[in-house]
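# Fold and geometry: a report
Residues per chain, in single letters:
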Amino acid sequence: MAVVPSLPSQPIPEADECALLARLRVGDERAYEQLLSQYGGRLLAVARRMMGNEEDARDAVQEAMLSAFKALDRFDGKSKLSTWLHRIVVNACLMRMRAKGRRPEVSIDGLLPRFQEDGHRRDPGPVWKSLGSANPSPGSGIEGTETRRLVRANIDRLPEGYRTVLMLRDIEGLDTEQAAIALEMTPNAVKTRLHRARQALRELLDADMRLGSPKGGKAWRSAIDPSDERERP
Amino acid sequence: MTCRDLIDFLDDYVDERLSLIERAKFELHLAACRDCRNYLASYRETVRLARAAGATEETAAEMPADLVRAIMDSRGR
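Residues numbered from 1 in each chain as written. Chains lettered and ligands numbered in written order. Predicted model: local features only at pLDDT ≥ 70, side-chain atom pairs only at ≥ 80, totals over all residues. Heavy atoms only, no water.

## What about the overall build of chain A?
Along the backbone of chain A there are 8 helices and 0 strands. Traced from its N-terminal end to its C-terminal end, chain A shows the element sequence α-α-α-α-α-α-α-α. A total of 233 residues make up chain A; the buried ones form 52% of that total. Within chain A, counting contacts between residues at least 6 apart in sequence, those at least 24 apart form 68% of the total. As presented, chain A carries roughly 11,200 Å² of accessible surface, and 50% of it is formed by carbon and sulfur atoms. (Helix = DSSP H or I, 4+ residues; strand = E, 2+ residues; numbered from the N terminus. Buried < 20%, exposed > 50% of the residue type's maximum accessible area, 1.4 Å probe, protein only. Contact = heavy atoms within 4.5 Å. Areas by Shrake-Rupley, 256 points an atom, 1.4 Å probe, with all protein chains shown as cover.)

Structure follows, in structure tokens:
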């Protein structure tokens with residue numbers, strides 16, 4: 001099974017993590033509650049990103065945590081507890097997404113760059129305006145917050161197969177091999193799909209980021225079948 | 001190398017996976033093509049923004065008490 005990198009910030013030091021693990025393994029009820037309160041919020045945030053709605057996110061976290069509790073004896077300590085839990089939540093989300101059924105693949109060709117017959121660009125390359133701080137640290141400015149919101153909204157507009165690859169690689173931090181295993185795809189297919197997803201996201205962001213363009217001028221619906229739009233809470 | 005070829009190599013260029021010869025061809029095209037330079041800059045910015053997109057909610061997120069309770073109750077069954 002894939003090993004997922006650590007969550008962006010670690011909630012407790014390693015020594016405390018070992019102590020918590022020891023208490024979990026002897027069935028200390030309060031240790032389970034501590035685990036949920038210390039790691040659960042960020043794991044729920046992961047599930048919300050992946051599932052796109054609160055109900056599925058909560059169900060995925062619940063499934064993941066229950067399976068983690070059962071598997072605690074098999075946790076070998078080679079990765080951090082947070083890393084191991086993150087992997088389990090990601091896998092629980094992917095399983096739920098598969099269980100809900102794959103949607104028909106939607107073409108994103110309309111969001112990819114277009115070229116003339118001689119291979120040169122049909123459209124001039126855009127210049128993007130300065131984006132301000134996208135620094136995710138707490139307390140960063142409103143411009144950063146609004147930019148992140150815009151980016152998230154546009155990631156959610158990608159067809160599911162592209163959105164999932166981009167989420168796993170660029171947000172959840174899986175490498176190509178790990179994403180390939182999680183998605184049951186070849187590494188080359190993951191690379192190709194990620195490249196297309198990034199190009200499509202770039203195009204979706206273009207109307208807001210382009211220097212001198214009126215905000216929101218480009219309708220993604222003209223390029224992607226609107227029936228593919230995910231349900232959002 | 002054309003603009004279309006450049007797109008095909010974009011990810012490998014950004015991740016520094018191109019051979020020296022491929023990289024030289026890529027950069028030769030970039031030096032002569034302002035549109036591709038602009039596209040590359042916006043592509044890089046897209047990747048950076050995507051990577052930053054999930055962080056704030058994660059550091060601020062809390063586990064709802066009712067979900068903690070539901071998981072603890074299910075564990076006891």
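Read on, since the account is not over.
## Examining the packing of aromatic side chains
If you walk through the whole model with that rule in mind, you get 3 aromatic pairs over all chains. For the pair Tyr 32 of chain A and Phe 69 of chain A, a centre-to-centre distance of 4.6 Å together with 80° between the ring planes defines the contact as edge-to-face. With a gap of 37 residues between them, Tyr 32 of chain A in helix 2 (residues 29–51) and Phe 69 of chain A in helix 3 (residues 54–71) connect regions that are remote in the sequence. In this pair, the class of Tyr 32 of chain A matches that of Phe 69 of chain A, namely buried. Note on Phe 75 of chain A and Trp 84 of chain A: the rings are 4.9 Å apart at their centroids and 45° apart in plane angle, and the pair reads as tilted. With respect to class, Phe 75 of chain A is no different from Trp 84 of chain A; both count as buried. Sitting over the face of the ring of Tyr 162 of chain A, Arg 193 of chain A holds its NZ or CZ atom 4.7 Å from the ring centroid. It is Arg 75 of chain B that lies over the ring of Tyr 32 of chain A; its NZ or CZ is 3.5 Å from the centre. (Phe/Tyr/Trp six-rings, centres within 6.5 Å; stacked < 30°, edge-to-face > 60°. Lys NZ or Arg CZ within 6 Å of the ring centre and 35° of its normal.)

## Re the interface of chain A and chain B
Facing the 57 residues of chain A at the interface are 44 residues of chain B. Overall, the association of chain A and chain B removes approximately 4,500 Å² of surface from exposure, summing both partners, and the carbon and sulfur fraction of that is 61%. Counting across the chain A and chain B interface gives 6 salt bridges. Of the charged contacts in the structure, one is a salt bridge between Asp 170 of chain A and Arg 51 of chain B, with a shortest N-O distance of 3.6 Å. If you look at where chain A meets chain B, you find 10 residue pairs in polar contact (both at pLDDT 80 or more). Elements that contribute at least two residues to the side of chain A that touches chain B include exactly helix 2, helix 3, helix 5 (142–155), helix 6 (160–171) and helix 8 (187–209) of chain A. In terms of residue count, the dominant contributor to the side of chain A that touches chain B is helix 2 of chain A (11 residues). (Buried area = accessible area lost by both parts, 1.4 Å probe. Salt bridge = Lys/Arg side-chain N within 4 Å of Asp/Glu carboxyl O. Polar contact = N/O pair within 3.5 Å; in protein donor to acceptor, adjacent residues only side chain to side chain.)

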